[in-house]
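# Fold and contact review
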Amino acid sequence: MSKSHYIIPIFVPHFGCPHDCVFCNQRRITGLSTDVTQNYVKSTIEEYLSSFPKRDIIVEVAFYGGSFTGIPMEIQEELLSIPFEYKNKGIINGIRLSTRPDYINEDILDLLKKYKVDTIELGVQSLCDDVLYNSGRGHNSNQVYVASKLIKEYNFNLGLQMMIGLLGDTREKSIYTAKEFVKLKPYCVRIYPTLVIKDTYLEKLYYRKLYKPLSLGEAIDISTDLVMLFEYNDINVIRVGLQPTENINFGKDVIAGPFHPSFRQLVESNKYRIILRDFLDMSEWDYAGKDLTISINQKNISNLVGQKSSNIEYLKDRYKFGNIKVYSKDIPKDIIQLSIGDSFFEINMKCLIEKYVKQL
Ligand code: SF4
């Protein structure tokens, strides 16, 4: 039986980060404004552990937010010493943290090795220097390549985070960034559409009409391209879209932008829509009035159907099918079977994804 993965998140808000990226109000994103202490780390770990099942789980402590390795070394040591103890006792299995590319050097990596950190995620956001500059990131793309190489040389798992829809960004620039990520061979990636958050510089630009966020549809389309590109290259996409929290929601701190609480599901559904469309468009057939039956692994049914049956409606509208029925079937997850009238087809999703990704 495969083990379930549990994360103990510890937010380190703006602690150690002297930067002011135009999209970021770190205190608001983490929803926390207290300084992090050893006691806080310990009590957070204990609290989460008490709510987890007692067996067959993998537990990771994750320092999120801020720029962990920008904190003075002695404080990094203090904070890391707590999960280090738990890891040595076999109570937790892994330690991960996120930081900036320009806060990586040999001294820092030596320290992280000493405290048995497994995964280092870099907030890269873009590999286009103009986009980095517009975002006030304070680092350039070259620093990302240097840091990524060093992290891999030290045998840490490398995680890369990118944003889409930044100031001056385009779909082409996002695809370029994703292709460069692929070359860096990360262990995992995250994709975040840019949101206009209260009390950020981007908010001011937005009100002055100097920044236009992506629409939800645009963000879904770009994210789908990126997800397909990463999956085709066997890179694990561990998050798409910002997690809704008490503050990250419309009517709270999200002023504008492509926010949706189920953003990832919208992207996954769009992936199925593209695959079905590209398959059906390959033939000159007239589908009008024919009945369509789709069989798919149970795990993928809701993504194929889409929220409020949006993909079924799309197929009906585009191809004028008669009835459309979807059944779960014990077949591999990357296979879709179609019966159209009296004809039967089997779609190998990997082949369709390969074809799609190659034209990006
Ligand atoms: S480096 Fe990170 S924490 Fe600091 S301002 Fe930029 S996004 Fe926020």
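What you see is a predicted model; the values in this text were computed from it and never measured.

So, about the packing of helix H9 (residues 216-232) against helix H13 (residues 349-358). The geometry of H9 relative to H13 is characterised by a closest axis approach of 10 Å and an angle of 115° between their N-to-C directions. You can see that H9 and H13 cross each other, and the crossing is left-handed. In contact with Asp225, Met228, Leu229 and Tyr232 of H9, H13 contributes Ile353, Glu354, Tyr356, Val357 and Lys358. Of the residues belonging to the contact of H9 with H13, the class tally is six nonpolar, no polar and three charged.

A few words on the environment of Phe63. As for its position among the elements, Phe63 is in strand S2 (residues 57-64). Those residues in contact with Phe63 that lie beyond four places of it in its chain are Ile10, Val12, Val41, Phe68, Leu79, Leu80, Pro83, Ile95, Arg96, Leu97 and Ser98.

A few words on the packing of aromatic side chains. Scanning the entire structure with this criterion turns up 15 aromatic pairs. Ring centres of Trp285 and Phe345 lie 5.7 Å apart, and the angle between their planes is 75°; this geometry places the pair in the edge-to-face category. Here Trp285 is found in the loop between helix H10 (263-281) and strand S10 (292-296), whereas its partner Phe345 is found in strand S13 (residues 343-348), with 60 residues between them in sequence. According to the relative accessible area criterion, Trp285 is partly exposed, its value standing at 37%. The structure contains a cluster of three or more aromatic residues connected by ring pairs, namely Phe279, Trp285, Tyr287, Tyr319, Phe321 and Phe345. When the ring centre of Tyr103 is taken as reference, the NZ or CZ atom of Arg100 above it lies at 5.6 Å.

Our next topic: the pairing of strand S3 (residues 94-99). Among the six residues in S3, six count as buried, and that is most of the element. Side chains Gly94, Arg96 and Ser98 of S3 all project onto a buried face; the interleaved residues Ile95, Leu97 and Thr99 project onto the opposite face, where all are buried too. Examined bridge by bridge, S2 and S3 share four bridges and lie parallel to one another. Residue pairing for S3: Phe63 is matched across the bridge by Leu97. As paired strands, S3 and strand S4 (residues 119-125) are joined by four bridges and run parallel to one another. Bridge pairing in S4 places Arg96 opposite Thr119.

Among the nonpolar cores identified, the biggest contains 92 residues, and Phe63, Ile120, Phe230, Leu315 and Ile336 are the most heavily contacted of them. Of the residues forming this core, the biggest block, nine residues, is contributed by H10. Membership of the second largest hydrophobic core comes to 15 residues, among which are Phe23, Cys128, Leu205 and Ala256.

Turning our attention to the sheet that holds strand S11 (residues 324-328). As summarised here, the arrangement of the four strands in space is S11-S10-S12-S13, forming an open sheet in which the pairing is mixed. Each end of this open sheet is capped by a strand with a single partner; those strands are S11 and S13. Strand after strand, the sheet turns through a mean of 20° between neighbouring axes, direction not considered. As paired elements, strand S12 (residues 335-340) and S13 share six bridges and run antiparallel to each other. Opposite Leu338, over in S13, you have Phe345 as the bridge partner. Helix-sheet contacts for H10 involve S10, S12 and S13, and the interaxial angle to S12 is about 50°. Of the strands in this sheet, S12 and S13 are in contact with H13, which crosses S13 at around 65°.

Calculation criteria
Throughout, a residue's number is its position along its own chain's written sequence, starting from 1. In keeping with the model being predicted, local features are shown solely for residues with a pLDDT of at least 70 and side-chain atom pairs are shown and tallied solely at 80 or more, while totals for entire chains, interfaces and linings include all residues. Only hydrogens and water are set aside when side-chain values are computed; all heavy atoms of the structure are taken into account. Convention adopted: a line fitted to C-alpha atoms gives each axis, helices being fitted over their contacting stretch, and angles between N-to-C directions are expressed from 0 to 180 degrees. Working definition: helices are DSSP H or I runs of at least four residues, strands are E runs of at least two. Numbering for both runs from the N terminus. A crossing counts as left-handed when the near helix is turned anticlockwise from the far one by less than a right angle, and as right-handed when that turn is clockwise. When checking whether two residues touch, look at their non-hydrogen atoms; a contact exists if any pair is within 4.5 Å. Charged means Asp, Glu, Lys or Arg here, nonpolar means Ala, Val, Leu, Ile, Met, Phe, Trp, Tyr, Cys or Pro, and polar covers whatever is left, Gly included. Stacked, edge-to-face and tilted are the three classes for Phe, Tyr and Trp ring pairs, Trp counted by its six-membered ring, which pair at centre distances within 6.5 Å; planes under 30 degrees apart are stacked, over 60 edge-to-face, the rest tilted. Each residue is placed in one exposure class: buried if its accessible area under a 1.4 Å probe, protein chains only, is under 20% of its type's maximum, exposed if it is over 50%, and partly exposed if it falls in between. Cation placement over rings: the criterion is NZ of Lys or CZ of Arg within 6 Å of the ring centroid and within 35° of the ring normal. For two strands to be treated as a pair, DSSP must find at least two bridges joining them. What makes a nonpolar core is a set of buried Ala, Val, Leu, Ile, Met, Phe, Trp, Tyr and Cys residues whose side-chain atoms join them at distances within 4.5 Å.

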